[in-house]
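Summary of structural features
Chain by chain, the residues run as shown.
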Amino acid sequence: GDFDRQWIDVYAGPLNDFRYIIEEGQKAGNNNYAAIGKIMQAYLFQYVTDMQGDVPFSESLQGAANLNPKFDTQQEIYDGLIRLVDEGLALLDENSATHPGTDDLFYHGDMHLWKKFANTLKLKIFLRQGYVRAAVAQAGVEALYAANAEFIDFHETAQVEFTTATFNQHPLFAHINSVGEFNILASQTALGSLLALNDPRADVFYRRATAAPNTGNHVGILQGNGRNLPNPATLNDRQFSKPGAAVGGPGGPAARVILMSEAESYFLQAEAVVRGWGAGNAEQLYYDGITLSFLSWGLSIAQFNTYASQTAIDYPVAGSQEQKVRAIIFQKWTSMCRKKNVEA
């Protein structure tokens, strides 16, 4: 009764909505709408299979026409994701007079940015397979670079911006306002990593405790230990760090929900270069990714410089490929704190 929600919500909700957009868009000749529908279906299906493994894909979203769709293997789905994105790119027309406007909550009808989003999504899909199908991943990434594909860049984050208006507020903020936040506590896994590196993003992602004995400090709980704490109804939860306003905590009704950030894009590109499949300077892409994460949260270049001056943040220029990938992935994980939890 609980674990079906992420399944039902995605299939019956956005995946089915995008199916409608694809069908109606192509029927009316509004190919740019159909293009977005296919690209977004690929984005969502990747989340579904990453969480669930084998799932309905090729026979899904047929409604009453097929109430028992087959479960495709994850490998089949990953191949299908690339086909979906490519079909979307084939439909995408930057020069068309028919394209979304304010109804496009991510890019407001800028189809060139949708193309960059699609390319970045393909890069993510291929790199995700780097350890299980290296040849497929390499060929896919190299093809992107051979075609001079552009990826998400500065100020091009795919995100939904909410407002202070009731019913149009950040989901976490609305949830907290509705049922409270007594059980929403910082994970020491994430918070501890930030604090160990004197990361100023800790004060963006989390509030400091306001009750003794931890007043004024960042304090998290061991991952999964919430059930062992005193009854939430009596727990003085102010002893722990809670979500900050920037990520939808109290004071953050207009916080944003990020689908793919410029920082993630740069970290993906850095990994592609380290693996020898992409072009560019991996070290520069690594530091640029961190910089973009800092700037996106309103932090300064000076704060980045202080953070990056630590030996623990140094890009391992003389290290092995795995050591370089590990450094990149750690920073990508950190940049997603409290904003892209499943992807992290």
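Refer to the structure presented above.
Note that the structure is predicted; figures quoted are calculated from it, not measured.

1. Brief notes about the overall build of the protein chain
Counting its secondary structure elements, the protein chain contains 12 helices and four strands. The C-alpha radius of gyration of the protein chain comes to 21 Å, within 12% of the 20 Å expected for a compact globule of 344 residues. Taken over the C-alpha atoms alone, the protein chain extends approximately 60 × 50 × 40 Å along its principal axes. The buried share of the protein chain, taken over its 344 residues, is 50%. Within the protein chain, contacts between residues at least 6 apart in sequence are counted, and of these 70% link residues at least 24 apart. In the protein chain, 26 positive and 36 negative side-chain charges are present, and the distance between their average locations comes to 5 Å.

2. With respect to the layout of surface pockets
Unoccupied space between atoms shows up once a probe the size of one water molecule is rolled over them. Roughly 1,500 Å³ of internal volume is contained in the largest pocket. If you trace the largest pocket, you find 37 residues lining it, with Tyr43, Leu44, Pro171, Val257 and Leu259 closest to the centre. Looking at the lining of the largest pocket, the elements with two or more residues in it are helix H1 (5–28), helix H2 (31–52), helix H6 (171–179) and strand S4 (256–260). Considering every element that reaches the lining of the largest pocket, the biggest residue donor is H2, with eight residues. Counted by class, the lining of the largest pocket contains 25 nonpolar, three polar and nine charged residues. By volume, the second largest pocket amounts to about 600 Å³. Residue lining of the second largest pocket: 30 residues in total, with Leu185, Ala186, Ser187, Gln223 and Arg338 positioned closest to the centre. Every element with two or more residues in the lining of the second largest pocket is listed here: helix H7 (188–196) and helix H12 (321–335). Tallied by class, residues from the lining of the second largest pocket come to 19 nonpolar, nine polar and two charged.

3. A word on the nonpolar core
Among the nonpolar cores identified, the biggest contains 52 residues, and Met40, Tyr43, Trp114, Phe117 and Leu123 are the most heavily contacted of them. Elements with a contribution of two residues or more to this core: H1, H2, helix H3 (74–91), helix H4 (111–127), helix H5 (134–146), strand S3 (158–161), S4 and helix H9 (262–274). When residues of this core are assigned to their parent elements, the largest contribution, 11 residues, is made by H2. When neighbours within four sequence positions are excluded, Phe117 is seen to be in contact with Ile39, Met40, Tyr43, Tyr107, Ile152, Ala158 and Met260.

4. Some details on the pairing of S4
Consecutive side chains of a regular strand alternate in pointing toward one face of the sheet and then the other. With four of five residues buried, S4 lies mostly within the body of the structure. Pairing of S3 with S4 involves four bridges; the strand directions are antiparallel. Paired with Ala158 across the bridge in S4 is Met260.

5. A short note on H6
For H6, every residue scored as buried is listed here: Leu172, Phe173 and Ile176. On an axial view of H6, the arc spanned by its buried residues comes to 100°, and they lie on one face. Structural note: H6 exposes Asn177 and Ser178 on the side pointing more than 90 degrees away from its buried face. Once H6 finishes, Gly180 follows within two positions and takes phi at roughly 95°, a positive value.

6. Overview of a nonpolar patch on the surface
Taken together, the side chains of Phe154, Leu295 and Ile301 make up a nonpolar region of the molecular surface, amounting to roughly 250 Å² of accessible area. Tracing the backbone shows Phe154 in the loop between H5 and S3. Phe154 sits in the partly exposed class, given a relative accessible area of 40%.

The rules behind each value
- Residue positions are given per chain, counting from 1 as you read along its sequence in written order.
- The predicted origin of the model limits local features to residues at a pLDDT of at least 70 and limits the giving and counting of side-chain atom pairs to 80 or more, whereas totals for whole chains, interfaces and linings rest on all residues.
- With hydrogens and water set aside, each side-chain value is computed from the structure's full complement of heavy atoms.
- We count a stretch as a helix when DSSP gives it H or I for four or more residues in a row; a strand needs E for two or more, and each element gets its number in order from the N terminus.
- Between the two quantities, the radius of gyration covers C-alpha atoms and the globule rule is 2.2 Å times the number of residues to the power 0.38.
- Buried, partly exposed and exposed residues are distinguished by accessible area as a fraction of the type maximum, computed with a 1.4 Å probe on protein chains only: under 20%, between the cut-offs, and over 50%, respectively.
- Residues are treated as being in contact if the distance between any of their heavy atoms lies within 4.5 Å.
- Think of it this way: Lys and Arg go in the positive column, Asp and Glu in the negative one, and His and the chain ends go nowhere.
- Working definition for charges: the position is that of NZ of Lys, CZ of Arg, CG of Asp or CD of Glu.
- Think of a 1 Å grid over the protein atoms and nothing else: a 1.4 Å probe that fits but is trapped marks a cavity, an open set flanked by protein within 12 Å on at least five of seven lines marks a pocket, and residues with an atom within 4 Å of a point count as lining.
- Grid points are joined across faces, edges and corners, and a volume is the space filled by probe spheres set on the points.
- Three categories are distinguished: nonpolar for Ala, Val, Leu, Ile, Met, Phe, Trp, Tyr, Cys and Pro, charged for Asp, Glu, Lys and Arg, and polar for the others, with Gly belonging to the last.
- In plain words, nonpolar cores are sets of buried Ala, Val, Leu, Ile, Met, Phe, Trp, Tyr and Cys residues tied together by side-chain atoms within 4.5 Å.
- By the convention used here, strands pair only if DSSP detects at least 2 bridges between them.
- Arc definition: it is the arc formed by the directions from the helix axis to the C-beta atoms.
- Patch building starts from residues that exceed 30% relative accessible area and form no salt bridge, then joins like charges within 9 Å and nonpolar side chains (Val, Leu, Ile, Met, Phe, Trp, Tyr) within 5 Å.
- Each accessible area value is a Shrake-Rupley result obtained with a 1.4 Å probe; residue values ignore everything except the protein chains displayed when judging cover.
- We define a salt bridge as a contact between a side-chain nitrogen of Lys or Arg and a carboxyl oxygen of Asp or Glu at a distance within 4 Å.

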